[in-house]
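Summary of structural features
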Amino acid sequence: MLVAGVDVGNATTEVALARLIPGRDPEHLSVTRGPTTGAKGTAESAQGVLDLIERASRRLGEQPHRILLADLHPVETGLRELSADDTQDLGGVGIARPVSATPSGVGAAAGQLIDLDDLGDQPLGLPVIPIVGPIDFDVAATHLNAARANGWQIVALVVTGDDGVLIGNRVDRTLPIIDEVADSATLPRGAWAAVEVAPLGGAVTQLADPLRLAVLLSLDPERARGARNAARALVGHRAGIAVRREASGGGSTRETPRMATLRDGSTVAIDIGTRPPGLGDVVTVDGVDATLLDAFWTALPHSEDSAALALQLHQRRAVGLAVLAERGDAGLERALAERSNAEVIVVAAETAAAVAGASTTPGAGHAPIVIDMGGGTVDLHVELAGQTRAVAAAGAGVLVDRICGALLGIDPLRAERAKQLPSVHVETPFILRHEDGGRTFLTHPAPAHTVAHLCVSERREGSLDPLTADLAPEVWGRLRRAAKRDVIAGNLRRAIDAVGGLPQGELAILVGGCAEDAEVVDEVALALADLDLAIARGDVLGQHGPRAAVAVGLVLLHARGT
C-alpha cells in the first residue's frame, strides 16, 4: 500500500511517499517540498498538498492509497509598528525624514526650496536649496554652475534620482547634496528647509538636535521645544531634510497597543516594554478571533553598535506577534478527501511525528529530546524516565522573517533570503566588505546599482541584491542573529519552562527548516549551554537533513499501528 505522510507547515509543505508491506519496515520512496498554499490546516492549503502528491506520484506511476496528516494548529504571525500609528506634532517642522543612501558633500545648511528651473538671471538674495528633478546630471550641473556664477547662494541640493555624487563632482564636492528623494515633487516650494549630510560612517548632528534644528529653521524658542519630535526622527541617519511650516505644540498622541488577556483574567499590553507570559497563558488577543493555545511577542533587536541606532529602533515601537490558534474545523481533511481518491487519516500530534522522524537520524537511536523549529512554532518533545511531555510555542522562522523585513524595509520574501544569506557592503565596483570586516577584491565590477549599498550575497551564484537600509554588514549580521536569538532561542526557553525543565547531559536533536540555519543552531546551543546538552542536527533517513521529520514520522507511526 502506498501512503503519503504530509506535513503542512506555516511556510512550507512536505510530502513523504512510502510503501507499506505488512511485517516489513516502510520502503521510503521520496520526499517532496513546496510552499504552503493558504493558511495552515485550511481548505486552501489542500491545493499545495495535492500538487506535491501529484508531482511525486508521476515519477512512481502510482497514486497513494492513504494521506497521513498530523493534528494541525495554525499560527498567525505579524509585525506592527506602533510609531507609524502615532499622531505626532512636529512643532514648527512640516517634514523631517532621513534620505539618501549615497549623499554627496558634508555639512548642514538652510535655505529656501526652489525648482532648478527657477534659477534665473536675477538672484533672490538669500540662500536657496534647488530641487533637481529627473534630468541628466550633466545638464543639471551646467545649470547650477551658471547660477552660482550669476550670484545665486546655493547652499545645498535635493536630487530626485541617484545622481547626487555625479552632480557634486561637477559642481562642488563639499556641497551637501541629498539624492534618491523620489517624492521631491511634493516638497513645498518657497518653504525654508534644512539639509545635512554627515561624513562617511557618521550621523547627522545639527538636524538631530532640537535647538540646532530650530536655529537652522529660524524657529522661536517656544517652537524649538516642539521640534523635538522632528529631531528624533532624524537620529542615527547619515543624511536628512527638515522643512519649516507654521505649527504649534509638539506633542504626540500615542497609539494604544493591543491587549492580551491571560488565564487568570488579567491583561497585559503587547508592547516593546512587556515580556510575553508563559507558554499557554494567553487566552485572547485583541483583533484575533480564535481560541488561542499560545501567544508570543518581541520587539526589534537592540543594537549595541550605536546608541543612535538603538534609539532609532526603540522609537519605532515595533512588535512582532505570533499566535497559535485552536483549529476550528477540519477544512484540510475534507478538501483532500473530496479532491483525491485516497483515504485521509489524522495519525498523531506534530510533536510525536517529529520524534519518530528525527529518530531515523543515523546514530540517534530513539531521540529522547526533539526540538522542531519550523515556520510557525518551536515544538519540544521530551521522552525521559517513562514520561512524555510535548508543547508547541508560537513564533519561529516566519516571525524572524517579519523582524528582518522591518529592520531592512523589505517584503517578507526578500527578508527570508536576507535572514539566511550573508551580506556585504559594496565599497567600490571592485571591493566588497564582509560581515567579519574582511574585504574581497572582484575580478569583474559589481553592478552600478549595488555600489555603496548593503547587499544580500548569494554564495554560489555570486549575485548581489542591494538593500536600502543604511547598515554596515557587521551591524546587520549582529541584528540578524539577535532576531534569531530573541525569537527561536528565547521561545525554546519558554517551552523548556513549560515542560518543567530538562535534565543535563542528554541528547537533543534539532529538526525543521530553521535547523538548516547554522546561526540558529549556534544560538540554540548557546541558550542551552547551562544544560550541557548534546545538540545535534537531525538527518532524516540519513539523507534529508533536518527537514521532513514530521512527514516521515507520520509514515512510521502509521506503519506501527497497522
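It is worth spelling out helix α9 (residues 331–339) at this point. Among all positions of α9, only Gly 331, Leu 332, Glu 333, Ala 335 and Leu 336 are buried. Buried positions along α9 lie against β1 (2–8), α1 (46–60), β4 (66–71) and β20 (343–349).

Counting all residues, the mean pLDDT for the chain is 88, and 95% of those residues have values of 70 or more. Segment residues 247–252 is flagged for pLDDT under 50; beyond a separation of four residues in sequence, or across chains, it makes 20 contacts in the model.

On to the sheet that holds β20. Read across the sheet, 5 strands follow the order β3-β2-β1-β4-β20 without closing on themselves; strand pairing throughout is mixed. Since the sheet does not close on itself, it has two edges, and those belong to β3 (27–35) and β20, each with one partner. Direction aside, neighbouring strands of the sheet carry axes that sit 25 degrees apart on average. As judged from the 8 bridges shared by strand β2 (residues 12–19) and β3, these two strands associate in the antiparallel manner. Bridging across to β3, Thr 13 finds its partner in Gly 34. Strands β1, β4 and β20 of the sheet are contacted by helix α10 (residues 350–358), whose axis makes an angle of about 85 degrees with β20. Sheet strands in contact with helix α15 (residues 549–561) are β1, β2, β3, β4 and β20, and its direction is about 135 degrees off that of β1.

Let us look at the sheet that holds strand β16 (residues 267–270). Taken together, the 3 strands give an open sheet; going across it, the order is β16-β15-β17, and neighbouring strands pair in antiparallel fashion. A strand with exactly one partner marks an edge of an open sheet, and here the two such strands are β16 and β17 (282–285). On average, each strand axis in the sheet is tilted by 30 degrees relative to the strand beside it, whichever way the strands run. Where strand β15 (residues 258–262) and β16 come together, 4 bridges link them in antiparallel fashion. Looking at β16, one finds that Thr 261 is bridged to Thr 267.

This part takes up the pattern of salt bridges. Evaluation of the coordinates by the stated rule reveals 26 salt bridges. For Arg 33, the salt bridge goes to Glu 14, with nearest N and O atoms at 2.9 Å. One end of the pair, Arg 33, is in strand β3; the other, Glu 14, is in strand β2, and 19 residues separate them in sequence. Taking the relative accessible area as the measure of exposure, Glu 14 reaches 5% and is therefore buried. Through salt bridges with shared partners, one network takes in Glu 435, Arg 480, Lys 484, Asp 517 and Glu 519.

Below, the discussion takes up unusual backbone geometry. Glycine aside, residues mostly have negative phi angles, and peptide bonds mostly take the trans form. One non-glycine residue, Ser 218, lies in the positive phi region at around 60 degrees. Within the fold, Ser 218 resides in the loop between α5 (210–216) and α6 (221–226). For Ser 218, a relative accessible area of 49% puts it in the partly exposed group. Positive phi values are uncommon outside glycine, yet Leu 541 reaches one of about 55 degrees. Note that Leu 541 resides in the loop between β30 (534–537) and α15.

Moving on, we come to the side chain of His 73. Here His 73 shows up in the loop between β4 and β5 (75–81). Discounting residues that sit within four places of it in the chain, His 73 has contacts with Lys 40, Leu 293, Leu 324, Ala 325, Glu 326, Arg 327 and Glu 350.

Quick look at the layout of surface pockets now. Space inside the second largest pocket adds up to approximately 770 Å³. Thr 12, Gly 512, Gly 513, Cys 514 and Arg 547 are the residues nearest the centre of the second largest pocket, which is lined by 38 residues in total. Elements supplying a minimum of two residues to the lining of the second largest pocket: β2, β22 (377–384), α11 (397–408), α12 (412–420), α14 (518–527) and α15. Of the residues forming the lining of the second largest pocket, the biggest block, 5 residues, is contributed by α12.

Attention shifts here to the packing of helix α3 (residues 137–149) against helix α4 (residues 164–171). The contact between α3 and α4 brings their axes to 9 Å, and the two run at 40 degrees. Taken as axis vectors, α3 and α4 run oblique relative to one another. The element α3 and its partner α4 pack so that their crossing is right-handed. Contact residues: α3 offers Phe 137, Asp 138, Ala 140, Ala 141, Leu 144, Asn 145 and Arg 148, while α4 offers Leu 166, Ile 167, Arg 170 and Val 171. Among the residues making up the contact of α3 with α4, the classes are represented as 7 nonpolar, 1 polar and 3 charged.

Reading the values: rules and limits
- Residues numbered from 1 in each chain as written.
- Predicted model: local features only at pLDDT ≥ 70, side-chain atom pairs only at ≥ 80, totals over all residues.
- Heavy atoms only, no water.
- Buried < 20%, exposed > 50% of the residue type's maximum accessible area, 1.4 Å probe, protein only.
- Helix = DSSP H or I, 4+ residues; strand = E, 2+ residues; numbered from the N terminus.
- Contact = heavy atoms within 4.5 Å.
- pLDDT = per-residue confidence, 0-100.
- Pairing = 2+ DSSP bridges.
- Axes fitted to C-alpha atoms, helices over the stretch in contact; angles between N-to-C directions.
- Salt bridge = Lys/Arg side-chain N within 4 Å of Asp/Glu carboxyl O.
- 1 Å grid on protein atoms, 1.4 Å probe; cavity = no way out; pocket = protein on both sides within 12 Å on 5 of 7 lines; lining within 4 Å.
- Points joined across faces, edges and corners; volume = space filled by probe spheres on them.
- Parallel < 35°, antiparallel > 145°, perpendicular 65-115°, else oblique.
- Left-handed = near helix turned anticlockwise from the far one by under 90°.
- Nonpolar A, V, L, I, M, F, W, Y, C, P; charged D, E, K, R; others polar.

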